Amino acid sequence: MTHRTKNGFISSETMPGGMHSNGMLRCLKVATLALAIMMALCIKANSQQLLSAEEIESQIIGHSFQGKKGILSVSLHYVRDGTVTMQSPIGAGAGNWRLSDNQLCVKLSSGPRKANECMTFVSQLDGTYRASNGLRLTVMK
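Note that the coordinates shown come from a computational prediction; the quantities given were computed from them, not determined experimentally. (Residues numbered from 1 in each chain as written. Predicted model: local features only at pLDDT ≥ 70, side-chain atom pairs only at ≥ 80, totals over all residues. Heavy atoms only, no water.)

Trainee: Which residues make up the layout of surface pockets, and what values go with them?
Mentor: Taken as a whole, the largest pocket holds about 330 Å³ of empty space. Where the lining of the largest pocket is concerned, the elements lending two or more residues are strand E4 (72-78), strand E5 (83-88), strand E7 (103-110) and strand E8 (115-119). Element by element, the count of residues in the lining of the largest pocket is highest for E4, at four residues. Of the residues contributing to the lining of the largest pocket, the split by class is 13 nonpolar, two polar and three charged. (1 Å grid on protein atoms, 1.4 Å probe; cavity = no way out; pocket = protein on both sides within 12 Å on 5 of 7 lines; lining within 4 Å. Points joined across faces, edges and corners; volume = space filled by probe spheres on them. Helix = DSSP H or I, 4+ residues; strand = E, 2+ residues; numbered from the N terminus. Nonpolar A, V, L, I, M, F, W, Y, C, P; charged D, E, K, R; others polar.)

And the structure:
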């Protein structure tokens, strides 16, 4: 309920404890917004969980990818027989892969960049995969 004060201003009725109903409504709006933001962050966090070994096997192994990391671009193919091939503007390479827990361990024994690393993967909302080494993989059609 509103009323005029002695100086002519319109004031809302105060609630028990001295809080105005407009202030309470404002607090409720802020609390609702905060809850919505927290829920959105939880959904995003859950949608970006690490791929399991089974998911790596079905979504990464047997597929070809275009990978990007900064200005580096590379084509990768993880063959089901345990081999991996790569092609980049500076040369080609090959090696082997193995699964260890929820990681894909790759040992490139030939090519411009020899590597021996284990990576985890996170599926992104746009259909790409983000490897723990910073490589973003896009499935080649």
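Trainee: Quick rundown of the pairing of E4? Include the residues and the values.
Mentor: When strand E3 (residues 64-69) meets E4, the two strands line up antiparallel, connected through six bridges. Pairing of Lys-69 across the sheet is with Leu-72, part of E4. In this antiparallel pair of consecutive strands, E3 and E4, the connection spans two residues, and Gly-70 shows a positive phi of 65°. Bridge analysis of E4 against E5 gives four bridges, and the strand direction is antiparallel. Bridged to His-77 within E5 is Thr-85. Linking E4 back to E5 in an antiparallel pair, the connection comprises four residues, with Gly-82 at a positive phi of about 95°. (Pairing = 2+ DSSP bridges.)

Trainee: Any details on the confidence of the model for the protein? Residues and values, ideally.
Mentor: Averaged over every residue, the pLDDT of the protein is 81; the share at 70 or more is 68%. Put simply, strand E2 (residues 10-12) is where the protein has its lowest mean pLDDT, 53, and strand E10 (residues 129-131) is where it has its highest, 97. (pLDDT = per-residue confidence, 0-100.)

Trainee: Requested: an account of the nonpolar core, with residues and values cited.
Mentor: Formed by 21 residues in total, the largest nonpolar core has its most connected members in Ile-60, Tyr-78, Leu-104, Val-106 and Phe-121. Elements supplying a minimum of two residues to this core: E4, E5, E7, E8 and E10. Aside from chain neighbours lying at most four places away, what touches Phe-121 is Gln-49, Leu-50, Leu-51, Ile-56, Ile-60, Leu-104, Tyr-129, Arg-130, Ala-131 and Leu-137. (Core = buried A, V, L, I, M, F, W, Y, C linked by side-chain atoms within 4.5 Å. Buried < 20%, exposed > 50% of the residue type's maximum accessible area, 1.4 Å probe, protein only. Contact = heavy atoms within 4.5 Å.)

Trainee: Describe the environment of Pro-89, with residues and values.
Mentor: Structurally, Pro-89 is set in the loop between E5 and strand E6 (91-100). Overall, the relative accessible area of 76% leaves Pro-89 in the exposed class. Linking Pro-89 and Val-74, residues 15 residues apart in sequence, is a C-alpha distance of 7.5 Å.

Trainee: So what's going on with the packing of aromatic side chains? Residues and values would help.
Mentor: Taken as a whole and judged by the stated rule, the model has two aromatic pairs. Note on Phe-65 and Tyr-129: the rings are 6.1 Å apart at their centroids and 90° apart in plane angle, and the pair reads as edge-to-face. Taken together, the positions of Phe-65 in strand E3 and Tyr-129 in strand E10 put the pair 64 residues apart, joining distant regions of the chain. The buried category is assigned to Phe-65, whose relative accessible area is 0%. Residue Tyr-129 is classed as buried on the basis of its relative accessible area, which comes to 9%. Through successive ring pairs, a cluster of aromatic residues spans Phe-65, Tyr-78 and Tyr-129. (Phe/Tyr/Trp six-rings, centres within 6.5 Å; stacked < 30°, edge-to-face > 60°.)

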